[in-house]
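Observations on the three-dimensional arrangement
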Amino acid sequence: MHILHIVNSYSTTQVYMNLVNAIDAFGVEQTVIVPLKKKAKKQLNVNIPSFKNSQSNIVFLPVLKKYHRFFYKKKISTVLELVKENVDLKKISIVHAGTSFFDGAVAYEIYKLYRIPYITAVRITDQRYMKFYIFHKNYYYSILENASRVIFINSNLKKYISSAFKFKNERLNNFVVIANGISTIFLENVVRRRLSIHNPIRLLYSSAFIKRKCLCETIKATAILVKNGYNIKLDAYGMGLPNKGETKSYINQINKYAEKYDWFNIHPHVTLNKNMELMREADILVMPSYGETFGLVYPEALSQGIPVLYGKNEGFDGLFDDGYIGYAAQPYDVKDITDGIEKIILNYDKIISNISNIDFVKQFSWHNIAKQYLDIYSSYAIDNHSRIV
């Protein structure tokens, strides 16, 4: 079996690299195609998989230009031609598209030409693109309709897409939810028991300093809690995280808050090992972000024994019952964020006990997730003798 991955957002997260490496551990041959903007030099040769299968490879294609943003079909045809130039499609058993609106479109065109089956993931970016390219809604329906399987990273996305289109029940049966995994370093160092909450209470923010992560709103919420008598310290890590779209204006806002409040401190981004240490020392992870497909930092924090505040109706919301491992808060809503943090504080011991019962390896191991994907690939993959390339 030979899997072709098409992943335009490959360089911006380690999610795909972790999945590809986990599949590689089973000895499966893979080709990864990464379409990029022509000027995205920082995203070239990033997150290179540690292939054990010598036939596997990754190809970065920095070909997309500004005008492709407005000419959707031209963008698809450009990448399609490059895939045909760089990949021997006679050897491909199945295509795995990392996103549905763009990568899935390329996979769909390959399917129409060569009848090579494809599966596609649906991420939060697809939901945004569907709203932006509303005039391509029928075409997007065809992408999802013809996919052998449609993989949703979270249940909220599945609900949204299922309600946006009138799919038949047999098609809905091919819609499945498979969450992302977390790095083995967290799975090998799970913290099962924690001490009581510290004084001062230690809040941790660990992500990019960008607007949709709602750091400013989290600071404002913390200020209200401090004013109401809580002894709290908030540390924010992640400044300077590459390929995340930081802006000077937003960083300036954060710096002003750091100058204003002595209980708030900012720090540059850190390694996974250091981040794990910070989580162990903290009491609560706070990141009520908007537009989050999943949010790896949430299960990473849970594995280190601390509750989390996450975005309501976003990627992580729904994976656990609200209140079980923390609380959801409406992004950008300072009052809701304030209330969410306070509820975690007031129910801290119960939440800590709940977290200690989670089987993190079973739920968040890339090895187990790769097995789920391999079962799907095997169900639909074609061999070299049943194609029309």
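Residues numbered from 1 in each chain as written. Predicted model: local features only at pLDDT ≥ 70, side-chain atom pairs only at ≥ 80, totals over all residues. Heavy atoms only, no water.

1. Some thoughts on the sheet that holds strand 7 (residues 175-177)
In space, the 7 strands of this open sheet follow the order 3-2-1-4-5-6-7, with parallel pairing throughout. At either margin of the open sheet sits one strand with a lone partner, and together these are strand 3 (57-64) and strand 7. Strand-to-strand twist in this sheet, taken as the mean axis angle between neighbours without regard to direction, amounts to 20 degrees. Along the sheet, helix 1 (residues 15-24) contacts strand 1 (2-6), strand 2 (29-37) and strand 4 (94-97); its crossing angle with strand 2, the most-contacted strand, is approximately 165 degrees. (Pairing = 2+ DSSP bridges. Helix = DSSP H or I, 4+ residues; strand = E, 2+ residues; numbered from the N terminus. Axes fitted to C-alpha atoms, helices over the stretch in contact; angles between N-to-C directions. Contact = heavy atoms within 4.5 Å.)

2. So, the state of the cysteines
In total, this model carries 0 disulfides according to the counting rule given. Take C214: it sits in no disulfide, and the sulfur closest to it among the cysteines is that of C216, at 9.1 Å. The exposure class of C214 is buried, given its relative accessible area of 0%. Residue C216 is classed as buried on the basis of its relative accessible area, which comes to 3%. (Disulfide = S-S within 2.5 Å. Buried < 20%, exposed > 50% of the residue type's maximum accessible area, 1.4 Å probe, protein only.)

3. Quick notes on the sheet that holds strand 9 (residues 232-239)
Within the open sheet, the 6 strands sit side by side as 10-9-8-11-12-13. Their pairing is parallel. Taken across any chain shown, the strands that pair with only one partner, and hence form the sheet edges, are strand 10 (264-268) and strand 13 (326-329). Within the sheet, the average angular offset between the axes of one strand and its neighbour, ignoring direction, is 25 degrees. Where strand 11 (residues 284-287) lies against strand 12 (residues 308-311), 3 bridges are found, and the strand directions are parallel. In the sheet register, V286 faces strand 12, and the bridge partner there is L309.

4. Focus on the pattern of salt bridges
Applying the stated rule across the entire model yields 8 salt bridges. A salt bridge links E292 to R212, with the shortest nitrogen-to-oxygen separation between them at 3.6 Å. Taken as a pair, E292 in the loop between strand 11 and helix 12 (297-303) and R212 in the loop between strand 8 (201-206) and helix 9 (215-227) lie far apart in primary sequence, 80 residues in all. Owing to a relative accessible area of 9%, E292 belongs among the buried residues under this scheme. In this structure, K213 and E292 form a salt bridge, with 3.0 Å as the shortest nitrogen-oxygen distance. (Salt bridge = Lys/Arg side-chain N within 4 Å of Asp/Glu carboxyl O.)

5. A closer look at helix 5 (residues 137-146)
Those residues of helix 5 that fall on the buried side of the exposure criterion are Y139, Y140, I143 and L144. In an axial view of helix 5, the angular spread of the buried residues amounts to 140 degrees, which keeps them on one side of the axis. (Arc of directions from axis to C-beta.)

6. A word on the packing of helix 3 (residues 103-114) against helix 5
The contact between helix 3 and helix 5 brings their axes to 10 Å, and the two run at 65 degrees. Here helix 3 lies roughly perpendicular to helix 5, going by the angle between them. In this structure, the crossing between helix 3 and helix 5 has a hand that is left-handed. In this structure, helix 3 contributes G104, A105, Y108, E109 and Y111 to the contact, and helix 5 contributes Y139, S142, I143 and N146. When its residues are assigned to classes, the contact of helix 3 with helix 5 shows 5 nonpolar, 3 polar and 1 charged. (Parallel < 35°, antiparallel > 145°, perpendicular 65-115°, else oblique. Left-handed = near helix turned anticlockwise from the far one by under 90°. Nonpolar A, V, L, I, M, F, W, Y, C, P; charged D, E, K, R; others polar.)

7. Some points on the packing of helix 1 against helix 16 (residues 366-380)
Running from N to C, helix 1 and helix 16 point in directions that differ by 70 degrees, and their axes come no closer than 9 Å. One way to sum up the angle between helix 1 and helix 16 is to call them roughly perpendicular. Along the contact surface, helix 1 presents V15, N18, L19, A22 and I23, while helix 16 presents W366, H367, I369, A370, Y373, L374 and Y377. A class-by-class count of the residues in the contact of helix 1 with helix 16 yields 10 nonpolar, 2 polar and no charged.

8. Observations concerning the packing of aromatic side chains
Across all of its chains, the model carries 26 aromatic pairs by this definition. Aromatic pair F167 and F175: ring centres 5.1 Å apart, planes at 75 degrees, arrangement edge-to-face. A residue is classified by how much of its surface remains accessible, and F167, at 9% relative accessible area, is buried. Ring centres 6.1 Å apart and planes at 45 degrees place the aromatic pair F316 and F320 in the tilted group. Of the two residues, F316 and F320, both sit in the buried class. Members of the aromatic cluster, joined through ring pairs, are Y72, F101, Y108, Y111, Y118, Y139, Y140, Y141, F152, F165, F167 and F175. When the ring centre of F102 is taken as origin, the NZ or CZ atom of K75, which lies over that ring, is 4.3 Å away. The ring of Y111 has R115 lying over it, and the distance from NZ or CZ to the ring centre is 4.1 Å. (Phe/Tyr/Trp six-rings, centres within 6.5 Å; stacked < 30°, edge-to-face > 60°. Lys NZ or Arg CZ within 6 Å of the ring centre and 35° of its normal.)

9. A look at the layout of surface pockets
Vacant regions in the atomic arrangement are exposed by a probe of water-molecule size rolled over the atoms. In this structure, the second largest pocket encloses a volume near 280 Å³. Of all elements in the fold, only helix 1, helix 8 (184-187) and helix 16 reach the threshold of two or more residues within the lining of the second largest pocket. The greatest single-element share of the lining of the second largest pocket, amounting to 4 residues, is contributed by helix 1. Residues that form the lining of the second largest pocket fall into these classes: 6 nonpolar, 8 polar and 2 charged. (1 Å grid on protein atoms, 1.4 Å probe; cavity = no way out; pocket = protein on both sides within 12 Å on 5 of 7 lines; lining within 4 Å. Points joined across faces, edges and corners; volume = space filled by probe spheres on them.)

10. Looking at a nonpolar patch on the surface
Together, Y67, F70 and F71 make up an exposed nonpolar region whose accessible area comes to about 360 Å². Note on F70: relative accessible area 59%, which makes it exposed. (Patch = residues over 30% accessible without salt bridge, like charges linked within 9 Å, V, L, I, M, F, W, Y side chains within 5 Å. Areas by Shrake-Rupley, 256 points an atom, 1.4 Å probe, with all protein chains shown as cover.)

11. Observations concerning the environment of D383
Along the chain, the position of D383 falls in the segment after helix 16. Taking the C-alpha atoms as reference points, D383 and I92, separated by 291 residues in sequence, lie 8.1 Å from one another.

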